[in-house]
Each structure stands twice: as structure tokens, then as C-alpha cells.
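Descriptive analysis of the structure
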Amino acid sequence: MRFLKTMTIAAAAVLMTVSVSKAQDIVDTAVAADDFNTLVAAVEAAGLVETLKGEGPFTVFAPTDAAFAALPEGTVDSLLLPENRDQLVAVLTYHVLPGRVMSSDIAGQEVSPETVQGSTLMIDATGDAVMVNTATVVTADVEASNGVIHIIDTVLIPE
């Protein structure tokens with residue numbers, strides 16, 4: 001009887017671990033990381049939360065709060081204004097690729113994928129650091145249930 005009780009408790013613990021460790025979607029992963037407050041606020045202001053919580057898969061190059069803080073003064077505040085929503089959507093969707101692109105998929109290559117916004121990015125994965133335009137990938141392959149996040153140190157601005 002004691003063995004059965006122990007096995008039941010162990011099975012319950014395993015099930016709880018599995019359900020807790022299940023990957024969150026891209027938005028929830030960014031919220032949980034706590035270094036993407038500006039990005040999350042921008043995604044909300046742009047009305048892109050439901051899209052980035054959707055099925056995907058997506059590849060997101062996610063600028064940190066420090067990356068947003070490095071923009072010229074007033075840039076973020078201006079982008080968050082309702083009248084600049086289209087511009088904000090363009091900036092944010094420039095950080096998103098359709099599909100799941102892991103670092104191993106492009107290692108040793110230079111590629112120019114098209115973003116959801118419609119422009120292309122220049123990704124150079126041939127050196128010691130992976131560059132996305134002028135941004136450096138500081139953490140790659142943060143997996144989410146509907147894609148992958150690569151953390152970058154600079155906000156990408158489409159031309």
C-alpha cells in the first residue's frame with residue numbers, strides 16, 4: 001500500500017512538472033523574461049498580442065529594454081502614440097520572420113530572409129557573433145510553443 005501511495009505521489013509530481021515546463025507562447029515568454037517590458041508594451045499598443053500568441057510558428061528578434069532605451073530620446077514615446085500605430089506595426093513586424101529559424105539552421109551562413117513587414121534582414125552567422133543588420137544576437141534559440149526568440153541588443157528600424 002505504501003509503495004502504491006509513493007508511486008501515485010511521484011506520478012502526480014511528474015505530471016505537474018510536465019505541465020509547468022510546457023513552453024509558453026512568444027508573448028508569455030517575453031513577459032516572463034522581464035527584460036522586454038518596452039517590447040511587450042509596444043506589441044500591445046500595436047494590437048499584435050493575439051497574432052504573436054497565435055499558432056505561428058514565428059521567429060522573433062526581440063530587442064531588450066536597454067535596446068529600446070538606446071533609441072533617440074522620444075522615439076519610443078512617439079511610436080506608442082495611437083496616430084503612429086502603422087509605423088509601430090511596421091517596426092515590430094520587421095523583427096519577425098515567418099517560420100521557426102533556429103541558430104543551427106543558419107550557422108556559418110549569410111542569409112537575407114523576408115520579414116513579416118515585407119523587407120529583408122541581413123543576417124550574418126559566419127563570425128563569432130551573429131549579426132542581424134547592425135544588431136548582435138546576445139541570446140539565441142529561446143524556444144516558445146509557437147516559435148523561437150533570438151534576443152538582440154539593438155532595435156531594428158526598416159528603411
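From a predicted model like this one, the values you see are computed outputs, not experimental measurements.

How each quantity is defined
- Residues numbered from 1 in each chain as written.
- Predicted model: local features only at pLDDT ≥ 70, side-chain atom pairs only at ≥ 80, totals over all residues.
- Heavy atoms only, no water.
- Helix = DSSP H or I, 4+ residues; strand = E, 2+ residues; numbered from the N terminus.
- Buried < 20%, exposed > 50% of the residue type's maximum accessible area, 1.4 Å probe, protein only.
- Contact = heavy atoms within 4.5 Å.
- Areas by Shrake-Rupley, 256 points an atom, 1.4 Å probe, with all protein chains shown as cover.
- Pairing = 2+ DSSP bridges.
- Salt bridge = Lys/Arg side-chain N within 4 Å of Asp/Glu carboxyl O.
- Core = buried A, V, L, I, M, F, W, Y, C linked by side-chain atoms within 4.5 Å.

Details of the overall build of the protein
A tally of regular secondary structure across the protein gives eight helices and seven strands. The burial tally for the protein puts 35% of its 159 residues in the buried class. When contacts within the protein are restricted to residue pairs at least 6 apart in sequence, those whose partners lie at least 24 apart make up 61%. For the protein, the accessible area works out to roughly 9,100 Å², and carbon and sulfur atoms hold 58% of it.

Comments concerning the sheet that holds strand β6 (residues 135-144)
Pairing is mixed in the open sheet, where seven strands are placed in the order β2-β1-β7-β6-β5-β4-β3. One side of each edge strand has no neighbouring strand; the edge strands of this open sheet are β2 (96-98) and β3 (110-111). In this structure, strand β5 (residues 131-132) lies alongside β6, joined through two bridges in antiparallel fashion. Bridging from a neighbouring strand, Met131 pairs with Thr136 of β6.

Description of the pattern of salt bridges
As a working rule, side chains carrying opposite charge can pair if their charged atoms are close by. On inspection of all chains with the given rule, the structure shows three salt bridges. One salt bridge in this structure joins Lys53 and Asp25, with 2.9 Å as the shortest N-O distance. Note that Lys53 is positioned in the loop between α4 (49-52) and β1 (58-63) and Asp25 in the loop between α1 (2-21) and α2 (26-33), a separation of 28 residues in sequence. Assessed through its relative accessible area of 12%, Asp25 is described here as buried. The closest approach of N and O atoms between Asp28 and Lys53, which form a salt bridge, is 3.0 Å. Highlighted residues: Asp28 in helix α2 and Lys53 in the loop between α4 and β1, separated in sequence by 25 residues. The partly exposed category is assigned to Lys53, whose relative accessible area is 30%. Each of Asp25, Asp28 and Lys53 takes part in salt bridges that share partners, so that together they form one network.

Structural notes on the nonpolar core
In terms of nonpolar packing, the biggest core is built from 28 residues, with Phe36, Leu39, Val43, Val60 and Leu92 touching the most fellow members. Only α2, α3 (37-45), α4, β1, α5 (65-69), α6 (75-79), α7 (85-93) and β7 (147-152) provide two or more residues apiece to this core. No other element matches α3, which puts four residues into this core. Leaving out residues up to four positions away in the same chain, Val43 has contacts with Leu48, Val49, Leu52 and Leu92. Counting twelve residues, the second-largest nonpolar core is a separate cluster that includes Tyr94, Leu121, Val137 and Leu156.

As for the environment of Glu55
By the element assignment, Glu55 lies in the loop between α4 and β1. Overall, Glu55 belongs to the exposed group, its relative accessible area being 76%. Between the C-alpha atoms of Glu55 and Asn146, which are 91 residues apart in sequence, the distance is 5.6 Å.

What to know about the pairing of β7
Buried residues dominate β7, accounting for six of its six residues. Judged by which residues are buried, β7 turns out to be covered on both faces: Gly147, Ile149 and Ile151 on one side and Val148, His150 and Ile152 on the other are all buried. Summarising the sheet, β1 and β7 pair through six bridges and their orientation is parallel. In the sheet register, Phe61 faces β7, and the bridge partner there is His150.

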